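Below are the chains, spelled out letter by letter.
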2 protein chains.
Amino acid sequence: MDVAAMHPAELRAVFRRNEWVRPTSGLARGFVQANLVVLKKDLAFDFLLFCVRNPKPCPVLDVTEPGSPVPRLVAPSADLRTDLPKYRIYRHGELVEETTDIRRHWAEDLVAFLLGCSFTFEQALLANGIPVRHIEENCNVPMYRTSIPCVPAGRFKGPMVVSMRPIPEKDVVRAVQVTSRFPAVHGAPVQIGNPEAIGIRDLNQPDFGDPVPVREGEVPVFWACGVTPQAVAMEVKPDFMITHAPGHMFITDLRDERFGVL
Amino acid sequence: MDVAAMHPAELRAVFRRNEWVRPTSGLARGFVQANLVVLKKDLAFDFLLFCVRNPKPCPVLDVTEPGSPVPRLVAPSADLRTDLPKYRIYRHGELVEETTDIRRHWAEDLVAFLLGCSFTFEQALLANGIPVRHIEENCNVPMYRTSIPCVPAGRFKGPMVVSMRPIPEKDVVRAVQVTSRFPAVHGAPVQIGNPEAIGIRDLNQPDFGDPVPVREGEVPVFWACGVTPQAVAMEVKPDFMITHAPGHMFITDLRDERFGVL
């Protein structure tokens, strides 16, 4: 299978048949991938409000009607209960199960949120000749809890989580320009070059993902990260929550460039 | 009073004392003004979802906690019950009252939505030397119901309303660029030059606002309009709804340039 060249709908069918239970990075190149958070309707307003108030870490791409597993805006032929390669089930904030199919967990009071992910702007960086270290190193991007508070909404509150990419000094301005074009998928960086300023003590000890080397002549650049809403939702310890398994994202029908604002 | 130079907080105090019961166009120049929609909490999730699904006509700037009249993101010192020059009260979809103070109507289950308005990008057009006809003519912008359907959400559905500005042919490209910088306040146009293509039969008969002349060498350019969410909310005929009176907007503490994405 040439998974980079396959169309999103074909890949979702492959996932549905459980023929690919691996991360989705590099698949359906050029198409937007999304984080999944599923909550009960009684938390949905507060969670949506949290996302709207914190658009950099929590860019909303689609929200389903209560009880519907169909993301009508971004992939009207998809079923969110089967079309991701792997899911995580949480009860009272505890991970209780990983699974490839959530049909037996589905209920009429569930609302699914699809949130933008950094794969889109990473492709834009690469297209501009700017290296992306964790792709080079074939590991996960390093992510850190910061001292930047998100704007709370109802029961949802907590710090922003950021991802870090070491950028060559000469490319920093271009990296800001390139990622600014994509506000719907985290957009411009939140910090350039000073991890302490946002409460990060040791770049070698990320809170999520893997550490990557920052080389001579490179600047650590920090972007708001889609792990933020999951981390915040976890803190609330909802009765019931489903997310994608880390790296096992939902692949939408929308092309990355659709989200370029200029 | 030099109302163009006054700070938003000063102006809101003036409105609170009912010393200015007139439209807010041209006031506190450089600061973002917003449309107000107040609904009961039981409709708030669907309405917020409608806005999130239709960001061009319904750009969300702030949403209050249920029962709170304080827009914490955009003007933490303000009180939305008193700080607009004039309000409209609707019951079951019918306008029942215009008032300068909604404290006696306020209740613990109300949620206030502040939505972006076109004043911000009009200032950007003017700053780029692009004329804005309805400002020149000192009338309201012409607005039209289109054949473009909004993406529905729960009970909320209906067509997009657009505003029209005649732009000199030589300035059309620049007008697209300038307004694209402000996706949080309607952003780029939705149509250039062909009203029939979006279901508008007669430019001289707007559905809202006033007609303006399109002169030789000018092209009618259409932008998504903040009247859309009000028109759609009205269709639902909610038990109870409050909006700003047309043109009598809420003035936030945020500067227009804050919303420029690049």
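Because the structure is predicted, anything quoted here is derived from the model rather than measured.

Student: Any details on the sheet that holds strand 6 (residues 143-149) of chain B? Residues and values, ideally.
Tutor: All names here are of chain B. Reading across the sheet, the 4 strands line up as 6-7-9-8 and stay open at both edges, with antiparallel pairing between neighbours. Two strands in the sheet have a free side with no partner beyond their single neighbour: strand 6 and strand 8 (191-192). Sheet topology places strand 6 next to strand 7 (residues 159-168); 4 bridges connect them, and they run antiparallel. Opposite Y144, over in strand 7, you have V162 as the bridge partner. Each of strand 6 and strand 7 is contacted by helix 6 (residues 227-236), which is oriented at about 155° to strand 7, the strand it contacts most.

Student: Break down the side chain of R165 of chain A for me, citing the residues and quoting the values.
Tutor: Relative to the elements of secondary structure, R165 of chain A occurs in strand 7 (residues 159-168). R165 of chain A sits in the buried class, given a relative accessible area of 0%.

Student: Run through the interface of chain B and chain A, naming residues and quoting values.
Tutor: Of the residues lining the interface, 26 residues belong to chain B; the matching set on chain A comes to 26 residues. Around 2000 Å² of area is buried between chain B and chain A when both sides are counted, 71% of it from carbon and sulfur atoms. Of all residues in chain B, F45, R53 and L262 of chain B bury the most surface against chain A, accounting for 31% of the area lost on that side. Inspection of the region where chain B meets chain A yields 2 salt bridges. A salt bridge links R53 of chain B to E65 of chain A; the nearest nitrogen and oxygen atoms lie 2.6 Å apart. On the surface where chain B and chain A come into contact, there are 6 residue pairs in polar contact (both at pLDDT 80 or more). Listed by contribution, the elements that provide at least two residues to the side of chain B that touches chain A are helix 2 (41-53), strand 2 (60-63) and helix 5 (172-180) of chain B.

Student: If you had to explain the packing of helix 3 (residues 119-127) of chain A against helix 5 (residues 172-180) of chain A to someone new, which residues and values would you point to?
Tutor: Residues and elements named next belong to chain A. For the pair helix 3 and helix 5, the least separation of the axes is 9 Å and the interaxial angle reads 135°. By the angle class used here, helix 3 and helix 5 are oblique. Helix 3 and helix 5 meet at a crossing whose hand is right-handed. Along the contact surface, helix 3 presents F121, A124 and L125, while helix 5 presents A175, V178 and T179.

Student: How would you sum up the environment of S147 of chain A? Please name residues and give values.
Tutor: Residues and elements named next belong to chain A. Assignment of secondary structure puts S147 in strand 6 (residues 143-149). For the pair S147 and G158, spaced 11 residues apart in sequence, the C-alpha to C-alpha distance is 9.5 Å. Leaving out residues up to four positions away in the same chain, S147 has contacts with A197, I198 and G199. For S147, the side chain forms a polar contact with the main-chain nitrogen of G199, separated by 3.4 Å.

Student: So what about the pattern of salt bridges? Which residues, and what values?
Tutor: Across all of its chains, the model carries 32 salt bridges over all chains by this definition. The shortest N-O distance in the salt bridge between D101 of chain A and R103 of chain A comes to 2.7 Å. Using a relative accessible area of 49% as the deciding quantity, one classes R103 of chain A as partly exposed. The salt bridge involving R88 of chain B is made with E98 of chain B; its shortest N-O contact spans 2.8 Å.

Student: Please provide a residue-by-residue account of the domain arrangement of chain A, values included.
Tutor: Residues and elements named next belong to chain A. Partitioning chain A into domains gives domain 1 (8-117 + 233-259) and domain 2 (119-229). Placing a centre on the C-alpha atoms of domain 1 and another on those of domain 2 gives a separation of 22 Å. Across the contact, 28 residues belong to domain 1 and 26 residues belong to domain 2. For domain 1, the biggest contributors to the area lost against domain 2 are F50, K56 and C117; these three give 25% of the whole. In this structure, the connection of domain 1 to domain 2 is made through 1 salt bridge. Here R181 ties to E257 by a salt bridge, and the two come within 3.1 Å at their closest N and O atoms. Mapped onto the side of domain 1 that touches domain 2, the elements with two or more residues apiece are strand 1 (31-40), helix 2 (41-53) and strand 5 (110-116).

Student: Describe the relation of the copies chain B and chain A, naming the residues involved and giving the relevant values.
Tutor: By a simple turn and slide, chain B fits onto chain A: the slide is 0.0 Å along the axis, the RMSD is 0.0 Å, and the turn is 180°. A rotation of that kind, with that shift, is consistent with a two-fold axis. Measuring from the rotation axis to each C-alpha of chain B, the shortest distance belongs to F45 of chain B, at 2.5 Å. Both copies present the same face, since 100% of the interface residues in chain B are matched by interface residues at the equivalent positions in chain A.

What counts as what
Along each chain, the written sequence defines residue order, and numbers are assigned to residues from 1. Working convention: letters from A go to chains and numbers from 1 go to ligands, in the order in which they are written. A pLDDT threshold of at least 70 governs which residues receive local features in this predicted model, and a stricter bar of 80 or more applies before side-chain atom pairs are shown or counted, although totals over entire chains, interfaces and linings include all residues. The basis for every side-chain value is the complete set of non-hydrogen atoms in the structure, without hydrogens or water. Two strands qualify as a pair provided that DSSP identifies no fewer than 2 bridges between them. Counting from the N terminus, the helices are the DSSP runs of H or I reaching at least four residues and the strands are the DSSP runs of E reaching at least two. Pairs of residues are marked as contacts when any of their non-hydrogen atoms sit within 4.5 Å. In this analysis, axes come from line fits to C-alpha atoms, helices being fitted only over the stretch in contact, and the angle between any two N-to-C directions falls in the range 0 to 180 degrees. Burial here depends on accessible area, computed with a 1.4 Å probe over protein chains only, as a share of the maximum for the residue type. Under 20% is buried, over 50% is exposed, and the range in between is partly exposed. Put simply, buried area is the surface a 1.4 Å probe can reach on two separate parts but cannot reach once they are joined, added for both. The term salt bridge refers to a pairing of a side-chain nitrogen on Lys or Arg with a carboxyl oxygen on Asp or Glu at a separation within 4 Å. N or O atoms closer than or at 3.5 Å make up a polar contact, with two conditions inside protein: a donor-capable atom paired with an acceptor-capable one, and, for residues adjacent in sequence, both atoms drawn from side chains. By definition in this entry, angles of less than 35 degrees are roughly parallel, angles greater than 145 are roughly antiparallel, angles of 65 to 115 are roughly perpendicular, and the rest are oblique. Helix crossings are classified by the rotation of the near helix relative to the far one: an anticlockwise turn of less than a right angle makes the crossing left-handed, while a clockwise turn makes it right-handed. For every domain, the bounds stem from an assignment made automatically or drawn from a database. Our superposition of the copies is a least-squares fit, built on the C-alpha atoms of residues whose pLDDT is at least 70 in both.

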